Amino acid sequence: MIFGQDRDQLRRIWFEAWQNYSDGKVLIPLHLELVNIIKLHPEYLKMFDQPEQYLGKEYLPEFGETNPFLHMSMHQGIHEQLSSARPKGIRKIYQKLCQQIGDPHETEHAMMEGFAETLWQAQRSGTMPDENAYLKRIKKMLK
């Protein structure tokens, strides 16, 4: 997962990945992963043609705005969980949810609510994310 405190620097990684892809350059594994996530979100493609306009843009939920960088980073975080098998049991839950939902991308969207809640709780309490609470949240989606 991409970590850091500098929002613009983190966003630059997304723009760099897309620019390298657009220029036909060989992509490092992280850039390839980010490009694949971007491709799943055609509604965000226009911003990658205008990085200077979107690099510092504020997205305000109170005005109904979705932060595309946060959304795509949540996908990237779930990919990291699956590739590292952490928290333990995440792959099995993901596989079951994929069977239930029928689409990996939509499965990630379903998992995002529990992921976001877990991150919010950790931020609020100043602790590490509670992996067990996260697993419980997403297990509730299983039929």
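Predicted model, so just to flag it, every value in this text is computed and none were measured.

Draft legend 1. Main features of the overall build of the protein. Across its full length, the protein carries eight helices and zero strands. Reading the protein from its N end, one meets helices and strands in the order α-α-α-α-α-α-α-α. Its C-alpha radius of gyration of 16 Å places the protein within 12% of the 15 Å reference for a compact globule of 143 residues. Considering the protein as a whole, with its 143 residues, one finds that 34% of them fall into the buried category.

Draft legend 2. Region of interest: the nonpolar core. If you look at the biggest cluster of nonpolar residues, it comprises 16 residues, and the most contacted ones within it are Trp14, Phe15, Ile38, Met47, Phe48, Phe69 and Met72. Within the residue set of this core, elements represented by two or more residues are α1 (7–22), α2 (29–39), α3 (45–48) and α5 (68–84). Core analysis: the second largest hydrophobic core is formed by 14 residues, Met74, Ile78, Ile90 and Met112 among them.

Draft legend 3. Region of interest: the environment of Leu27. Looking at where Leu27 falls in the secondary structure, it is placed in the loop between α1 and α2. Spatially, the C-alpha atoms of Leu27 and Cys98 are 28 Å apart, while their sequence positions differ by 71 residues.

Draft legend 4. Fine view of the packing of aromatic side chains. One pass over the structure, following the stated rule, counts six aromatic pairs. Site record: aromatic cluster; members linked through ring pairs are Phe15, Trp18, Tyr21, Phe48, Tyr59 and Phe69. Over the face of the ring belonging to Tyr59 we find Lys57, whose NZ or CZ atom lies 4.8 Å from the ring centre.

Draft legend 5. Highlighting the side chain of His105. Inspection of the secondary structure puts His105 in helix α7 (residues 104–125). Discounting residues that sit within four places of it in the chain, His105 has contacts with Leu40, His41 and His75.

Draft legend 6. The arrangement of the packing of helix α6 (residues 90–101) against α7 in detail. Where α6 contacts α7, the axes come no closer than 9 Å and their chain directions differ by 120 degrees. Classified by chirality, the crossing of α7 by α6 is right-handed. On α7, the residues that touch Ile90, Tyr94, Leu97, Cys98 and Ile101 of α6 are Pro104, Glu106, Thr107, Glu108, Ala110 and Met111. Taken together, the residues of the contact of α6 with α7 break down into eight nonpolar, one polar and two charged.

Draft legend 7. Geometry of the pattern of salt bridges. Going through the model one piece at a time under the given rule, you end up with four salt bridges. Ionic pairing is found between Arg7 and Asp8, a salt bridge with its closest N-O pair at 3.1 Å. Across the salt bridge formed by Glu58 and Arg7, the nearest N and O atoms sit 2.8 Å from each other. Note that Glu58 is positioned in the loop between α4 (51–54) and α5 and Arg7 in helix α1, a separation of 51 residues in sequence. Taking relative accessible area as the criterion, Arg7 reaches 32% and is therefore assigned partly exposed. Sharing partners across several salt bridges, the network here consists of Arg7, Asp8 and Glu58.

What counts and what doesn't
Residues numbered from 1 in each chain as written. Predicted model: local features only at pLDDT ≥ 70, side-chain atom pairs only at ≥ 80, totals over all residues. Heavy atoms only, no water. Helix = DSSP H or I, 4+ residues; strand = E, 2+ residues; numbered from the N terminus. Rg over C-alpha atoms; globule rule 2.2 N^0.38 Å. Buried < 20%, exposed > 50% of the residue type's maximum accessible area, 1.4 Å probe, protein only. Core = buried A, V, L, I, M, F, W, Y, C linked by side-chain atoms within 4.5 Å. Phe/Tyr/Trp six-rings, centres within 6.5 Å; stacked < 30°, edge-to-face > 60°. Lys NZ or Arg CZ within 6 Å of the ring centre and 35° of its normal. Contact = heavy atoms within 4.5 Å. Axes fitted to C-alpha atoms, helices over the stretch in contact; angles between N-to-C directions. Left-handed = near helix turned anticlockwise from the far one by under 90°. Nonpolar A, V, L, I, M, F, W, Y, C, P; charged D, E, K, R; others polar. Salt bridge = Lys/Arg side-chain N within 4 Å of Asp/Glu carboxyl O.

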